[in-house]
Amino acid sequence: MNPKEFIDETIKGLNDENYAMLRDDLVGEYISFSYIDSKDVPFEQFAEKLCDYFEKVEIKTDKDIDGIISNYMSQWKDLVSPLIQKEMSAEGEDQKPVLTRARKYYDRAMEIRDSKDRTIEVLIDYSRVMMCLYTAIIKNQFKKVSDFDFSISCLDREKIIDSMKNSVEYETTMVLWKNKKSKFNLKKPYGLDKSVFLMTEIMFYCIKNGR
């Protein structure tokens, strides 16, 4: 897949409302126009700027659009996986624990991630599962979840993006101390971490478009 094909299969299919909201979210944060107001930008110019963005990411990171997508999926896995409760106790004696509903959906998402069939449709399916699980995690104050709301209406773009920006991870130092640091480095405009947020924005509106 190349950037043009990705844009054609995602953004070009958005309805007017979702396209306008995505455009307004991306302009200024990821791409910019010097002389044209974002609301006056035709799709072709907007798409051209996005192609330029993906090309700059590839130059900086040596990752083409397929590599950017793979990184996006892996980063979402890292966000969600530690906070999915795997099993719950079954009722009755001598009953084996059963997978939680959240874990079943998560496992299905991992099958999509590991599949060679990386169509836009399955990428949107993957994104919906992960964003819905993440929304449940946010609502549960970042404690493990066993169930979640799979409806598109539960998704809140601002809460998702803000929580991602505030996410942290721990690194072990040479003296075995654990330092807390931001999970995503957003200071590099064409870095892989920044591209995760761009992909999240695009996938969010693709999901919403399917409402």
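Residues numbered from 1 in each chain as written. Predicted model: local features only at pLDDT ≥ 70, side-chain atom pairs only at ≥ 80, totals over all residues. Heavy atoms only, no water.

**Brief notes about the packing of helix α5 (residues 101-114) against helix α6 (residues 120-139)**
A pair of packed helices is captured by two measures, namely the crossing angle of their axes and the spacing between those axes. Convention followed: Where helices are involved, their axes are fitted lines through C-alpha atoms of the stretch in contact, as for all axes, and angles between N-to-C directions lie from 0 to 180°. Counting from the N terminus, the helices are the DSSP runs of H or I reaching at least four residues and the strands are the DSSP runs of E reaching at least two. Should the near helix be turned anticlockwise from the far one by less than a right angle, the crossing is termed left-handed; should it be turned clockwise, right-handed. In this description, contact between two residues means that some pair of their heavy atoms is separated by no more than 4.5 Å. Any residue outside Ala, Val, Leu, Ile, Met, Phe, Trp, Tyr, Cys, Pro, Asp, Glu, Lys and Arg is labelled polar, Gly included; the first ten of those are nonpolar and the last four are charged.
Interaxial distance between α5 and α6 falls to 9 Å at its minimum, and their mutual angle equals 145°. The hand of the α5/α6 crossing is left-handed. Across the interface between the two elements, Ala102, Tyr105, Tyr106, Ala109, Met110, Ile112 and Arg113 of α5 pack against Val122, Asp125, Tyr126, Val129, Met130 and Leu133 of α6. Of the residues belonging to the contact of α5 with α6, the class tally is 11 nonpolar, no polar and 2 charged.

**Side note on the packing of helix α4 (residues 65-80) against α6**
Let me state the cut-off plainly: Here the angle decides the label: under 35 degrees means roughly parallel, over 145 means roughly antiparallel, 65 to 115 means roughly perpendicular, and every other value means oblique.
Contact geometry for α4 and α6: axes closest at 10 Å, N-to-C directions at 25°. Classified by the angle their axes make, α4 and α6 are roughly parallel. Like other packed secondary-structure pairs, α4 and α6 cross with a definite hand, here left-handed. Counted together, Ile69, Tyr72, Met73, Trp76, Lys77, Leu79 and Val80 of α4 and Leu123, Tyr126, Ser127, Met130, Met131, Leu133, Tyr134 and Ile137 of α6 form the full contact between these two elements. Partitioned by chemical class, the residues of the contact of α4 with α6 number 13 nonpolar, 1 polar and 1 charged.

**Digging into the nonpolar core**
Burial of nonpolar side chains together is a common tendency in soluble globular proteins. Note the following rule: Among buried residues, those of type Ala, Val, Leu, Ile, Met, Phe, Trp, Tyr and Cys that are joined through side-chain atoms within 4.5 Å constitute a nonpolar core. The buried label goes to any residue with under 20% of its type's maximum accessible area, the exposed label to any with over 50%, and the partly exposed label to all in between, with areas taken from a 1.4 Å probe on protein chains only.
Phe6, Ile11, Trp76 and Val80 are the most contacted members of the largest nonpolar core, which has 68 residues in total. Tallying contributions element by element places α6 first for this core, with 14 residues.

**Looking at the packing of aromatic side chains**
For any pair of aromatic rings, the description rests on two quantities: the centre-to-centre distance and the angle between the ring planes. Let me state the cut-off plainly: Any Phe, Tyr or Trp ring, taking Trp's six-membered ring, that has another such ring centre within 6.5 Å forms a pair; planes under 30 degrees apart are called stacked, those over 60 apart edge-to-face, and the others tilted. In this scheme, the term charge over a ring applies when either NZ of a lysine or CZ of an arginine sits within 6 Å of the ring centre and within 35 degrees of the ring normal.
For the structure shown, the criterion picks out 13 aromatic pairs. When the ring of Tyr53 is compared with that of Tyr190, the centres are 5.4 Å apart and the planes differ by 55°; the resulting orientation is tilted. Residue Tyr53 is located in helix α3 (residues 43-61), and its partner Tyr190 is located in the loop between β4 (178-182) and α8 (192-209); the two are separated by 137 residues in the primary sequence. Taking relative accessible area as the criterion, Tyr53 reaches 2% and is therefore assigned buried. Take Tyr190: its relative accessible area is 23%, and that puts it in the partly exposed class. Each ring, one from Phe204 and one from Tyr205, has its centre 5.1 Å from the other, and the planes form 90°; the classification is edge-to-face. One Lys or Arg, Arg128, reaches over the ring of Phe150 and ends 4.0 Å from the middle of that ring.

**Overview of the state of the cysteines**
The line we're drawing: Disulfides are defined in this document as cysteine sulfur pairs within 2.5 Å.
According to the stated counting rule, one finds 0 disulfides in the structure shown. You can see Cys132 has no disulfide; the closest cysteine sulfur is in Cys154, sitting 4.1 Å from it. Overall, Cys154 belongs to the buried group, its relative accessible area being 12%.

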